Amino acid sequence: MKRKTTHLKGIVFNAILLIILLFTYSCSENVEEVYIQEEFGEVPEEIKAKLEKAGFDTSEGLRTFRDGYIVETDIFLTEEKIDALILSEGDGPTSEHYRTNNLVEGCRTIQVFMDPDFGDFMQDAFDEALGRYNALGLRLTFARTLNENNSDIAFDAFFERSRLLGFSDGFPVGGDPAENIALNTFHYNDAAARPDAATTIAHEIGHAIGFRHTDFMNRVFSCGANETVVNEGAGNDGANHINGTPVGPEAGSWMLACSNNTNRPFTNNDRIALNDTYGGLTITGNTLVCTGNNTFTLNDVPAGSVVTWQATPGNLLVQSTGNGVTAVLSANSSSVSSSGTLTYTVTLNGETCNISTNIWIGRPASPSSLFGPSLVSYGALVNYRGGIAQGATSYKWYLPYPYNPNASVVVDPSRWGIISGGNSRYMTAIAGPNNGLVQVMGVNACGTGGAKIMNVTVTTSGGGGGIMP
Ligand SMILES: [Zn+2]
């Protein structure tokens, strides 16, 4: 009797199974391994051989896709690109804390396009991912563009019921990032609101600028025990370990081969890897510019760059523009006092970027404020607080004249005196018998800046001792 109802029950059972599979899917990236292998066509042995020659592992995470192949889970390569990689220099690729031999050249802004087919959640994740890179101050700055035709990297949406989260079309070519990245809206959509959305976007950008999987040598680390790939191999693309990062896999790295659907901002080692590979050009030099010559240097400039510099405000400086990585600045007077900037412009291969540092020219500005009592009791301890003086490295106080700059607490002092804090913004004084001015000034190596002043009147009714607020 039971057999007669099998067909109907089978349909119900399959529907339930499908729901369970989809649900499980969102919890683990490994459950659909078999599903993938059954669904897509075999990759020709000839292609496998080429991929292995180019340094890719082909035993897992390899499948046909569009007019090419998904390699190592999320790298899309056409046959032409595989051929090009074989020809590229190098003796073996590696991953995250490993980079390929192909990197993005120069100091430049990478225009990134995000398909408007993605909703608000994914657009926010996109901004978050770009922000993570930009927060590092790398020589690559990532900016959102709304024009796909003008983009350096474009994120496009595709839909596929598979384990594939997304992919990058390989590594940089000719000094430019890989152009195309695609994310599967089966996984990445506003309703799913996956916690790893920003991480996956940052991960695919990582490939596009030349990073390989952190755990390329052992994908079991992130992909789980079901993963049969033990080592993705190095090959001709270069698997160059980055100094200062672990040789082995690192938990939480943004370039792990498989996502566990958690948010993974850059780890310390990720930052080391990114800084070592794309560390920003740095300006060294004393940022306080007095009347003597003060030399600045722009460091880590790529070979072949054309460098110019400009400092502002130019009317306060002896020279305010020049060429080359060395800039010599000098204030044109000992009386000047101003904030300023020194900006280098670096041009390489038609790409231009600016690197700036804030400078201070001359003496400090006057403190922004002066707080404390203007009516004080003779012999009292009184506290005064100066506001910040821009450009100051320390502070100086004057009290009603005559005063003692290093006084002790005594009864009935013959004059005003500084008890403590005479070099800081927070000063405690003992009030002498006479009225006068309390003044605070900023001090730096160029001199003493203008004062903030308060008129103070002494009353004789109080007598010594207590501290007034
Ligand atoms: Zn990847």
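Above this note sits the structure.
Since the structure is predicted, the reported quantities are computational estimates derived from the model, not experimental observations.

Conventions and cut-offs
- Residues numbered from 1 in each chain as written.
- Predicted model: local features only at pLDDT ≥ 70, side-chain atom pairs only at ≥ 80, totals over all residues.
- Heavy atoms only, no water.
- Helix = DSSP H or I, 4+ residues; strand = E, 2+ residues; numbered from the N terminus.
- Buried < 20%, exposed > 50% of the residue type's maximum accessible area, 1.4 Å probe, protein only.
- Contact = heavy atoms within 4.5 Å.
- Areas by Shrake-Rupley, 256 points an atom, 1.4 Å probe, with all protein chains shown as cover.
- Phe/Tyr/Trp six-rings, centres within 6.5 Å; stacked < 30°, edge-to-face > 60°.
- Pairing = 2+ DSSP bridges.
- Axes fitted to C-alpha atoms, helices over the stretch in contact; angles between N-to-C directions.
- Core = buried A, V, L, I, M, F, W, Y, C linked by side-chain atoms within 4.5 Å.
- Parallel < 35°, antiparallel > 145°, perpendicular 65-115°, else oblique.
- Left-handed = near helix turned anticlockwise from the far one by under 90°.
- Nonpolar A, V, L, I, M, F, W, Y, C, P; charged D, E, K, R; others polar.
- Salt bridge = Lys/Arg side-chain N within 4 Å of Asp/Glu carboxyl O.
- Disulfide = S-S within 2.5 Å.

Caption draft 1: Inspection of the overall build of the protein at higher detail. Secondary structure assignment for the protein yields eight helices and 28 strands. Within the protein, the proportion of its 469 residues that are buried is 49%. Across the protein, the fraction of contacts at a sequence separation of at least 24, relative to all contacts at a separation of at least 6, is 68%. For the protein, the exposed surface amounts to about 21300 Å²; the carbon and sulfur share of it is 52%.

Caption draft 2: Here's a closer look at the packing of aromatic side chains. Scanning all chains against the criterion turns up 13 aromatic pairs. Measuring from centroid to centroid gives 5.8 Å for Phe-65 and Phe-76, while their planes differ by 80 degrees, and the two rings are edge-to-face. Of this pair, Phe-65 sits in strand E1 (residues 63–65) while Phe-76 sits in strand E3 (residues 75–77); the two residues are 11 residues apart in sequence, bridging distant segments of the chain. This pair shows no difference in class: Phe-65 is buried, exactly as Phe-76 is. Between Phe-76 and Phe-167, the ring centres sit 5.4 Å apart and the planes meet at 55 degrees, which makes this aromatic pair tilted. One end of the pair, Phe-76, is in strand E3; the other, Phe-167, is in strand E8 (residues 166–168), with 91 residues separating them in the sequence.

Caption draft 3: Looking closely at the sheet that holds strand E20 (residues 375–377). A sheet is described by the order of its strands in space; here four strands give the open sequence E20-E27-E26-E22, paired in mixed fashion. Here the strands that pair on one side only, and so sit at the sheet edges, are E20 and strand E22 (394–398). The average angle at which neighbouring strand axes cross in this sheet is 35 degrees, direction not considered. Pairing geometry for E20 and strand E27 (residues 447–459), over three bridges, is parallel. Opposite Ser-377, over in E27, you have Thr-459 as the bridge partner.

Caption draft 4: Just the nonpolar core, in detail. Core analysis: the biggest nonpolar cluster contains 36 residues, and Tyr-133, Phe-142, Phe-155, Ile-201, Ile-209 and Leu-274 have the highest contact counts within it. Elements that contribute at least two residues to this core include exactly strand E5 (108–114), helix H5 (120–134), strand E6 (140–145), strand E7 (153–158), strand E9 (180–184), helix H6 (197–208) and helix H8 (268–278). The contact partners of Tyr-133, leaving out residues within four places of it in the chain, are Leu-138, Phe-142, Ala-202, Ile-205, Gly-206, Ile-209, Trp-254, Phe-266 and Leu-274. If you look at the next biggest cluster of nonpolar residues, it comprises 22 residues, including Val-289, Ala-311, Leu-317 and Ala-327.

Caption draft 5: Layout of unusual backbone geometry. A cis amide bond, omega -10 degrees, links Thr-312 with the succeeding residue Pro-313. Here Pro-313 lies in the loop between strand E14 (306–312) and strand E15 (321–323). In this structure, the amide linkage connecting Tyr-401 to the following residue, Pro-402, adopts the cis form with an omega of -10 degrees. Here Pro-402 is to be found in the loop between E22 and strand E23 (403–404).

Caption draft 6: Quick peek at the packing of H5 against H6. Relative to each other, H5 and H6 sit at 55 degrees, their axes nearing to 8 Å. Here H6 runs oblique to H5, going by the angle between their axes. Note on packing geometry: the crossing formed by H5 with H6 is right-handed. Across the interface between the two elements, Phe-121, Met-122, Ala-125, Phe-126, Glu-128, Ala-129, Leu-130, Arg-132 and Tyr-133 of H5 pack against Ala-197, Ala-198, Thr-199, Ile-201, Ala-202, Ile-205 and Gly-206 of H6. When the residues that make up the contact of H5 with H6 are grouped by side-chain class, the tally is 12 nonpolar, two polar and two charged.

Caption draft 7: View of the side chain of Ser-338. Along the polypeptide, Ser-338 turns up in strand E17 (residues 337–348). Those residues in contact with Ser-338, other than ones at most four positions away along the chain, are Pro-313, Leu-316, Ile-359, Trp-360 and Ile-361.

Caption draft 8: Expanded view of the pairing of strand E25 (residues 426–430). Most of E25 is tucked away: four of the five residues are buried. Alignment of strand E21 (residues 381–386) against E25, held across five bridges, turns out to be antiparallel. Bridging from a neighbouring strand, Arg-385 pairs with Tyr-426 of E25. Here strand E24 (residues 416–420) pairs with E25 via three bridges, running antiparallel.

Caption draft 9: How the structure looks around the environment of Asn-149. Among the structural elements, Asn-149 can be located in the loop between E6 and E7. Distance in space between the C-alpha atoms of Asn-149 and Phe-113 is 8.9 Å, their sequence separation being 36 residues.

Caption draft 10: Region of the structure containing the sheet that holds strand E16 (residues 326–329). Taking strand neighbours across the sheet as the criterion, the three strands line up as E11-E13-E16 in an open arrangement whose pairing is antiparallel. Where the open sheet ends on each side, the last strands, each with one partner, are strand E11 (282–284) and E16. Geometrically, the sheet is characterised by an average inter-axis angle of 20 degrees between neighbouring strands, direction not taken into account. Direction of pairing for strand E13 (residues 294–299) relative to E16: antiparallel, over a ladder of four bridges. Its bridge partner lying in E16, Asn-294 is registered against Leu-329.

Caption draft 11: Inspection of the pattern of salt bridges at higher detail. Applying the stated criterion to the full structure yields nine salt bridges. Asp-83 serves as the salt-bridge partner of Lys-50, at 3.0 Å between the closest nitrogen and oxygen. Separated by 33 residues along the polypeptide, Lys-50 in helix H3 (residues 45–53) and Asp-83 in helix H4 (residues 79–87) bring together distant segments of the chain. Its salt-bridge partner being Glu-128, residue Arg-132 comes within 2.7 Å of it at the nearest N-O pair. Of this pair, Arg-132 and Glu-128 both sit in helix H5, separated by four residues, roughly a single helical turn. Residue Arg-132 is classed as buried on the basis of its relative accessible area, which comes to 10%. Of the residues examined, Glu-128 reaches a relative accessible area of 39% and is grouped as partly exposed. Taken together, the shared-partner salt bridges connect Lys-50, Glu-79 and Asp-83 into one network.

Caption draft 12: Seen up close, the state of the cysteines. All told, the structure shown has two disulfides when counted by the stated rule. Residue pairing for Cys-107: its cysteine sulfur links by disulfide to Cys-353, the two sulfurs lying 1.5 Å apart. Every disulfide takes its handedness from the sign of the S-S torsion; for Cys-107 and Cys-353 that torsion is 105 degrees, giving right-handed. Residue Cys-107 is found in the loop between strand E4 (98–99) and E5, and its partner Cys-353 is found in strand E18 (residues 351–362); the two are separated by 246 residues along the sequence. A single burial state applies to Cys-107 and to Cys-353, both of which are buried. Cys-290 shares a disulfide with Cys-446; S-S distance 1.9 Å. Note on the Cys-290 and Cys-446 pair: the S-S dihedral is about -90 degrees, so by sign convention the disulfide is left-handed. Remark: Cys-446 occurs in the loop between strand E26 (436–444) and E27 and Cys-290 occurs in the loop between strand E12 (288–289) and E13; sequence separation between them is 156 residues.

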